[in-house]
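Coordinate analysis (summary)
Okay, here's what each chain looks like letter by letter:
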Amino acid sequence: LVEKCCHFFDLFRLITGQEAALSKVRALAQRGINYLDEVDPFDTPIIDSAYVTMPFQKEESTDGINWSNAIGCLELCMFAEGSRHQEEIIVTGTKGRLEAYLPENKVYMFQRP
């Protein structure tokens, strides 16, 4: 999973300016459709679908860790070729939302009133 998505995890860190709370990262992954015909599933351990939640933490203070409200969420699906977008990156915050889509190469901004 890290092999396929490490750049997205780095983007989460860049956008938040924070480090992940590694002890709180959770993932659910599977081999959903691709490579099901392999004789030994461990010969080709390909994960083709997953969800990952990645909470973030602020800098450590003198009284311990200050938890952030930021959470990165990754959805991986390697068998949805008919999707409208190849990749979507969406950042939602208290002031609004940014959406970026590939291969459309457009970014949309929505501000809360």
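Shown above is the structure to which this text applies.
Residues numbered from 1 in each chain as written. Predicted model: local features only at pLDDT ≥ 70, side-chain atom pairs only at ≥ 80, totals over all residues. Heavy atoms only, no water.

Let's talk about the nonpolar core
Note the cut-off: To form a nonpolar core, buried Ala, Val, Leu, Ile, Met, Phe, Trp, Tyr and Cys residues must be joined to one another through side-chain atoms within 4.5 Å. Here's how the labels work: a residue is buried when its accessible area is under 20% of the maximum for its type, exposed when over 50%, partly exposed in between, all with a 1.4 Å probe on protein chains only. In DSSP terms, a helix is any run of H or I states spanning at least four residues, a strand is any run of E spanning at least two, and both are numbered starting from the N terminus. Between two residues, a contact is recorded if the distance between any of their heavy atoms is within 4.5 Å.
If you look at the biggest cluster of nonpolar residues, it comprises 10 residues: C5, F9, F12, A20, A50, V52, M54, F56, L74 and L76. Listing elements by their share of this core, those giving two or more residues are helix 1 (2-16), strand 3 (49-61) and strand 4 (64-77). When sequence neighbours within four positions are dropped, the list of residues in contact with C5 reads L74 and L76.

A look at the layout of surface pockets
Defined as follows: The definitions used throughout rest on a 1 Å grid laid over the protein atoms alone, on which a cavity is an enclosed set of points accommodating a 1.4 Å probe that cannot get out and a pocket is an open set flanked by protein within 12 Å on both sides along at least five of seven lines; lining residues are those having an atom within 4 Å of a point. Grid points are joined across faces, edges and corners, and a volume is the space filled by probe spheres set on the points. As a working rule, the residues Ala, Val, Leu, Ile, Met, Phe, Trp, Tyr, Cys and Pro are called nonpolar, Asp, Glu, Lys and Arg charged, and the rest polar, with Gly in that last group.
Estimated volume of the largest pocket: approximately 1,200 Å³. Together, 30 residues line the largest pocket, and C73, L74, E88, I89 and I90 are the ones closest to its centre. Of all the elements in the fold, those that place two or more residues in the lining of the largest pocket are helix 1, strand 4 and strand 5 (87-92). Grouping the amino acids of the lining of the largest pocket by side-chain chemistry returns 15 nonpolar, 10 polar and five charged.

Some thoughts on a nonpolar patch on the surface
Counted only if it meets this: Patches here are clusters of residues that have more than 30% relative accessible area and form no salt bridge, with a 9 Å joining cutoff for like charges and a 5 Å cutoff for nonpolar side chains (Val, Leu, Ile, Met, Phe, Trp, Tyr). Each accessible area is a Shrake-Rupley estimate made with a 1.4 Å probe; only the visible protein chains count as cover when residues are assessed. Note on definitions: salt bridges are taken to be side-chain nitrogens of Lys or Arg within 4 Å of carboxyl oxygens of Asp or Glu.
A cluster of nonpolar side chains, contributed by L11, L14 and I15, occupies part of the molecular surface with about 280 Å² of accessible area. Mapping L11 onto the fold places it in helix 1.

Considering the sheet that holds strand 5
By way of backbone hydrogen bonds, the strands of a sheet pair with one another, either parallel or antiparallel. As a reminder of what qualifies: A pair of strands is treated as paired once DSSP finds two or more bridges between them. Between N-to-C directions, angles cover 0 to 180 degrees, with each direction set by a line fitted to C-alpha atoms, over the stretch in contact for helices.
Across the sheet, three strands lie side by side as 5-6-7; this open sheet has antiparallel pairing. Since the sheet does not close on itself, it has two edges, and those belong to strand 5 and strand 7 (106-111), each with one partner. Each strand axis lies, on average, 10 degrees off the axis of its neighbour in the sheet, ignoring direction.

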